[in-house]
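Reading the structure
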Amino acid sequence: MSQHIFQNTELPGERSNPLGGKKSRQRRPLTLKFNDLPDEALVPINVVCDICGNRPTAVYDGIKKNTFPASEKFGLRCSRWRVGQLRRWLADPHNYYETPNTWEEK
C-alpha cells in the first residue's frame, strides 16, 4: 500500500523516464573532482570517458594504437588510469604517443 503513495514523487537528482519503467539518475559532473586530484590518483573508466568525451571502446582503441594512456590493471575487471597521464594527454591529445612496454620475461 505504501508503494502507491510514493509512486509519483521524484527523488532529488532523478528524472522521469518518458518510456516508463525505472527512473534514470542524472549524472553528476566528474570533472570538478578530477581537477582537484593529485597526479598519482587513479580514476575509473567512467571518469576517463567523461573527461575525454569518448566512449569506452574509443578509449581502448586509443590504448591499442598507443595514442591514449594505458590503464593499470588491479584484477580481472578492474582498470584504473593515472590522473597525471590523463593530464598529459589532455594537454596535447593529437601528438600524444605512449611508448609501449617491451619487457620480456626471462
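Residues numbered from 1 in each chain as written. Predicted model: local features only at pLDDT ≥ 70, side-chain atom pairs only at ≥ 80, totals over all residues. Heavy atoms only, no water.

1. Re the overall build of the protein
The condition is simple: Note on conventions: DSSP H or I runs of at least 4 residues are helices, E runs of at least 2 residues are strands, and numbering of each starts at the N terminus. Working definition: with a 1.4 Å probe on protein chains only, accessible area under 20% of the residue-type maximum means buried, over 50% means exposed, and in between means partly exposed. Pairs of residues are marked as contacts when any of their non-hydrogen atoms sit within 4.5 Å. Surface accessibility follows the Shrake-Rupley procedure with a 1.4 Å probe radius. Residue values consider only the protein chains on display as shielding.
Within the protein, the secondary structure is distributed over 5 helices and 5 strands. Seen in sequence order, the protein has helices and strands lined up from the N terminus as α-β-β-α-β-α-α-β-β-α. The 106 residues of the protein split such that 23% are buried. Pairs at least 24 apart in sequence give 40% of the contacts found in the protein among residues at least 6 apart. Total accessible area computed for the protein in this model is approximately 8,800 Å², and 52% of it derives from carbon and sulfur atoms.

2. Digging into the nonpolar core
The following threshold applies: Throughout, nonpolar core names a set of buried Ala, Val, Leu, Ile, Met, Phe, Trp, Tyr and Cys residues whose side chains join them through atoms within 4.5 Å.
Residues Val43, Val48, Val59, Phe68, Trp81 and Leu86 are the most contacted members of the largest nonpolar core, which totals 16 residues. Residue assignment for this core shows that the elements contributing at least two residues are α3 (45-52), α4 (56-64) and α5 (83-91). Looking at this core, the element that brings in the most residues is α3, giving 5 residues. If sequence neighbours within four positions are ignored, Val48 has contacts with Val43, Val59, Phe68, Trp81 and Leu86.

3. Things to note about the pairing of strand β5 (residues 79-82)
Note the cut-off: Strands qualify as paired when DSSP identifies two bridges or more between them.
Because side chains alternate across β5, one face comprises the buried residues Ser79 and Trp81, and the other comprises Arg80 and Arg82, none of which is buried. Note: strand β3 (residues 42-43) against β5, 2 bridges, orientation antiparallel. Bridge assignment links Val43 to a residue of β5, and that residue is Trp81. With 2 bridges connecting them, strand β4 (residues 72-73) and β5 associate as antiparallel partners. The partner of Glu72 across the bridge, within β5, is Arg80.

4. Here's the deal with the sheet that holds β5
Put simply, the rule reads: Here the axes come from fitting lines to C-alpha atoms, over the contacting stretch only for helices, and the angles between their N-to-C directions go from 0 to 180 degrees.
Pairing within the open sheet is antiparallel, and its 3 strands lie in the order β3-β5-β4. Looking at the sheet topology across the chains shown, the edges are occupied by β3 and β4. Across the sheet, α5 lies against β3 and β5, angled at about 60° from β5, the strand it touches most.

5. Observations concerning the side chain of Ser79
Heads up, the condition is: Counting of polar contacts relies on pairs of N or O atoms within 3.5 Å, with two restrictions inside protein: one atom must be capable of donating a hydrogen and the other of accepting it, and residues adjacent in sequence are counted only when both atoms are side-chain atoms.
Structurally, Ser79 can be placed in strand β5. Here Lys73 takes part through its side chain, which lies 3.2 Å from a polar atom of the side chain of Ser79.

6. A few points about the packing of aromatic side chains
Counted only if it meets this: Any pair of Phe, Tyr and Trp rings, taking the six-membered ring for Trp, is counted once the centres come within 6.5 Å. Such a pair is stacked with planes under 30 degrees apart, edge-to-face with planes over 60 apart, and tilted for the rest.
This model, assessed by the stated rule, comprises 2 aromatic pairs. Measuring from ring centre to ring centre gives 6.0 Å for Tyr60 and Trp81, while their planes differ by 55°; the resulting arrangement is tilted. With Tyr60 in helix α4 and Trp81 in strand β5, this residue pair connects regions lying 21 residues apart in the sequence. For Tyr60, a relative accessible area of 34% translates into the label partly exposed. Overall, the relative accessible area of 0% leaves Trp81 in the buried class. A ring pair is formed by Phe68 and Trp89, whose centres lie 4.9 Å apart and whose planes are at 65°; its orientation type is edge-to-face. With Phe68 in the loop between α4 and β4 and Trp89 in helix α5, the pair connects residues that are 21 residues apart, well separated along the chain. Judged by its relative accessible area of 5%, Phe68 falls in the buried class.

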